[in-house]
Amino acid sequence: VCAGTQMEHHACPYEADCPETSTYCPNGAEPRPCEFSDWSAWSEPLGCTGLCTRTRDIVRQNSCGGAACEGPLHDSAYCDGASACETSAKDCKLGPWGAWSACNANVTQQRERRRGVQDLPARGGAECDGALLETQDCGPTASGSR
């Protein structure tokens, strides 16, 4: 099971057809290539993805026509030690009903109660089935004694 985001970054290609003399460099300056830092140590596995990551930085930008850095700043690979992922389907679960509202003889002669979704479905589990709002007639007396 794969989860998460994967990104890949690339430097723009080096322009090898630049003129010999550069107006951006002081007289006598030599081209300097870009330099990366060493890779960091691999991280611990990210949750249950089984992916470990490492990073590196650019410690010196190229200058005066030197070669640009080529390669990623972030790397990921599968590694041992991932925590177990939940794989079974999880059905929707509706919460308990709230208390009935008071009867209102002046407006609707109804009362209502509500409930919410306690757990949303996941991994192919059953969708929520059932009302979140119920209404009930208070009857001709509107006493709310029902």
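Structure: above.
Just so we're clear, the structure is a prediction, and the values are computed from it rather than from any experiment. Per chain, residues are indexed from 1 in the order of the written sequence. Selection of residues for local features in this predicted model requires a pLDDT of at least 70, selection of side-chain atom pairs for listing and counting requires 80 or more, and totals for whole chains, interfaces and linings are taken over all residues. Computation of side-chain values: all heavy atoms of the structure, hydrogens and water removed.

Participant: Any chance you could explain the overall build of the chain here in plain terms?
Facilitator: By the criteria applied, helices consist of DSSP H or I runs no shorter than four residues and strands consist of E runs no shorter than two, each listed in order from the N terminus. Looking only at helices and strands, the chain has zero helices and eight strands in total. Counting from the amino terminus, helix and strand elements in the chain follow one another as β-β-β-β-β-β-β-β. Buried means the residue's accessible area, taken with a 1.4 Å probe over protein chains only, is under 20% of the maximum for its type, while exposed means over 50%, and partly exposed covers the values in between. By residue count, 12% of the 146 residues in the chain fall in the buried class. In this analysis, two residues are considered to be in contact whenever any of their non-hydrogen atoms come within 4.5 Å of each other. Across the chain, contacts joining residues at least 24 apart in sequence account for 60% of those joining residues at least 6 apart. Element-wise, carbon and sulfur atoms account for 50% of the exposed surface of the chain, whose accessible area totals about 11100 Å². Accessible areas in this description were obtained via Shrake-Rupley with a 1.4 Å probe; residue shielding takes into account the shown protein chains only.

Participant: Whenever I open this one, the state of the cysteines confuses me. Can you help?
Facilitator: Formally, a disulfide is one covalent bond, and it connects the sulfur atom of one cysteine to the sulfur atom of another. Cysteine sulfurs are considered disulfide-paired once they come within 2.5 Å of each other. Applying the stated rule across the entire model yields four disulfides. In this model C103 forms its disulfide with C138; the gap between the sulfur atoms is 1.9 Å. Taking the torsion about the S-S bond as the criterion, the C103 to C138 disulfide, at about -95°, is left-handed. Here C103 is found in the loop between β5 (93-94) and β6 (110-114), whereas its partner C138 is found in the segment after β8 (133-137), with 35 residues between them in sequence. For the pair C103 and C138, one class covers both residues: buried.

Participant: Mind showing me how you'd approach the side chain of R56 here?
Facilitator: Its place among the elements puts R56 in the loop between β2 (51-55) and β3 (58-60). Buried and unpaired, R56 has D38 as its nearest opposite-charge partner, separated by 8.0 Å. Throughout this description, a polar contact denotes any pair of N or O atoms lying within 3.5 Å of each other; where both atoms belong to protein, one of them has to be capable of donating a hydrogen while the other can accept it, and for residues adjacent in sequence the pair is counted only when both atoms sit in side chains. A distance of 2.8 Å separates a polar atom in the side chain of R56 from the backbone oxygen of P72. Setting aside anything within four residues of it in sequence, one finds R56 in contact with F36, S37, D38, W39, E70, G71, P72 and L73. Residues scored as charged are limited to Lys and Arg (positive) and Asp and Glu (negative), so that His and the chain ends carry no count. Salt bridges are identified by distance alone: a Lys or Arg side-chain nitrogen within 4 Å of an Asp or Glu carboxyl oxygen.

Participant: Explain unusual backbone geometry here, please?
Facilitator: Negative phi values dominate among residues other than glycine, just as trans dominates among peptide bonds. Despite not being glycine, C64 shows a phi value in the positive range, around 55°. One non-glycine residue, R123, adopts positive backbone phi at about 50°. In this structure, R123 sits in the loop between β7 (117-119) and β8.

Participant: What is the right way to look at a nonpolar patch on the surface in this model?
Facilitator: Patch members must show over 30% relative accessible area and no salt bridge, and they are joined within 9 Å when carrying like charges or within 5 Å when they are nonpolar side chains of Val, Leu, Ile, Met, Phe, Trp or Tyr. Nonpolar side chains collect at one region of the surface, where V117, L120 and L132 lie side by side and expose about 260 Å² of accessible area between them. If you trace the backbone, V117 turns up in strand β7.

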